[in-house]
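Residues per chain are reported as follows:
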Amino acid sequence: MSVTTMTLGKAINAGLRRALEADPKVLLAGEDIGKLGGVFRITEGLQKDFGEDRVVDSPLAESGIVGTAIGMALRGYRPVCEIQFDGFVFPAFNQITTQLSRMYGRTHGRTPMPVVIRIPTGGGIGSVEHHSESPETYFCHTPGLKVVSCSNPNDAYWMIQQAIASSDPVIFLEPKRRYHDKGEVDTSMAPPPLHQAKIVRSGTDVTLLSWGPMVKTCLEAAEIAAEEGRNVEVVDLRTLSPIDTPTLLASARRTGRVVVVHEAYKTLGLGAELAARISQECYFELEAPVLRVTAPDIAYPPSRVEEDYLPTLDRVLDAVDESLSY
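The rules behind the values
Residues numbered from 1 in each chain as written. Predicted model: local features only at pLDDT ≥ 70, side-chain atom pairs only at ≥ 80, totals over all residues. Heavy atoms only, no water. Phe/Tyr/Trp six-rings, centres within 6.5 Å; stacked < 30°, edge-to-face > 60°. Helix = DSSP H or I, 4+ residues; strand = E, 2+ residues; numbered from the N terminus. Buried < 20%, exposed > 50% of the residue type's maximum accessible area, 1.4 Å probe, protein only. Pairing = 2+ DSSP bridges. Domains from an automatic or database assignment. Contact = heavy atoms within 4.5 Å. Buried area = accessible area lost by both parts, 1.4 Å probe. Salt bridge = Lys/Arg side-chain N within 4 Å of Asp/Glu carboxyl O. Polar contact = N/O pair within 3.5 Å; in protein donor to acceptor, adjacent residues only side chain to side chain. Nonpolar A, V, L, I, M, F, W, Y, C, P; charged D, E, K, R; others polar.

Asker: Got a sec to walk through the packing of aromatic side chains? Specific residues and values, please.
Answerer: Two numbers describe a pair of aromatic rings. These are the distance of the centres and the angle of the planes. The tally for this structure, following the rule as stated, stands at 10 aromatic pairs. A ring pair is formed by F40 and F85, whose centres lie 5.3 Å apart and whose planes are at 65°; its orientation type is edge-to-face. Pair noted here: F40 is in the loop between β2 (26-30) and α2 (46-50) and F85 is in the loop between β4 (78-82) and α4 (93-105), with a separation of 45 residues, a long-range link. Classification of F85 as buried rests on a relative accessible area of 8%. Judged by centre distance (4.8 Å) and plane angle (65°), the rings of Y300 and Y309 are edge-to-face. Of the two residues, Y300 and Y309, both sit in the buried class.

If you want it as structure tokens, here you go:
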């Protein structure tokens, strides 16, 4: 069957499997991804089927994982690195931002760097310090990197394959709190382009703009708003860099009101860039200022109070009400 139901985590596993089958130059590397299948079991069974040379249990050294992947990409391979948790990516920050991004960017693509760096991101799983972060802005701010974020199983299945097939270095953000969410995956469809946003719910009154873990929250908010007679549109950004600006502007012009929702800090978060672009390009069509629902500008708190830190359904609905009040 071409359509099946699976979790987001299993969809990524299936996408990795298909990429490994399609190209012998694809290989995976990361801490405990082989025999264990990764902390979240995303790579479970792949080492058994493809061998230890293609699914590599690496040392505990993120800078070494990414640095080795850069060298392998220069030799014609397509490495896929797993960073165990989002807060562990920073030891590899130098390799990503000053080597990986620039080797591709400085040569205007003449030196392909087909490296994918998978990062479980966001909160909501009750983890300890450094295990729940939202580091996307660091990478979106880095020229030469593509940054994508899946929000559902079907996108996860196709986007990981598209990222691996790309000649660009890709930061692939996986919403860890959504790993067990189920959805339909169509393995025979023609997927949309990797760097294209998607309207996942049409509406006329307000646009909720988000990505990754917050898309589900926005869809739930739209359902509740509909019961109150408010027609809310939800747009899944999907790619954070480059931004699919035309899709976002079309939605903003259609509804006249926009609320951006994300887990990262508010100050200089990606929502600020989105708000600036929409405000500049849609100044005469907007009926209200672009609002943002985000985490506060403090370090991620202990897990007992993380639900007070993350954007909640009530906070999103309050922002919808505020936008409609203008």
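Asker: Tell me about the pairing of strand β11 (residues 232-236), residues and numbers included.
Answerer: Across the 5 residues that make up β11, a large majority, 5, are buried. Burial along β11 is two-sided: the residues V232, V234 and D236 and E233 and V235 are all buried. For strand β9 (residues 198-201) and β11, the ladder comprises 3 bridges, and the chain directions are antiparallel. If you follow I199 over to β11, its bridge partner there is V235.

Asker: So what's going on with the domain arrangement of the protein? Which residues, and what values?
Answerer: The domain boundaries assigned to the protein delineate domain 1 (3-186) and domain 2 (198-325). Between the C-alpha centres of domain 1 and domain 2 there is a distance of 26 Å. Taken together, the contact pairs 28 residues of domain 1 with 25 residues of domain 2. Surface buried jointly by domain 1 and domain 2 totals about 2000 Å² across both partners, of which 45% is contributed by carbon and sulfur atoms. Contact with domain 2 buries area across many residues of domain 1, yet S149, R177 and R178 alone supply 21% of it, more than any other trio. Counting every contact that joins domain 1 to domain 2 gives 4 salt bridges. In this structure, the connection of domain 1 to domain 2 is made through 15 residue pairs in polar contact (both at pLDDT 80 or more). Those elements that provide at least two residues to the side of domain 1 that touches domain 2 are α5 (136-140), β6 (146-149), α6 (153-165) and β7 (170-175). Counting residues per element, the side of domain 1 that touches domain 2 draws most heavily on β6, at 4 residues. Along the lines of polarity and charge, the residues of the side of domain 1 that touches domain 2 split into 9 nonpolar, 11 polar and 8 charged.

Asker: Would you mind going over the side chain of T255 in detail, with residue names and values included?
Answerer: By the element assignment, T255 lies in helix α8 (residues 245-255). Residue T255 is classed as buried on the basis of its relative accessible area, which comes to 6%. Excluding residues within four positions of it along the chain, T255 makes contact with G203, T204, D205, V206, T207 and E233.

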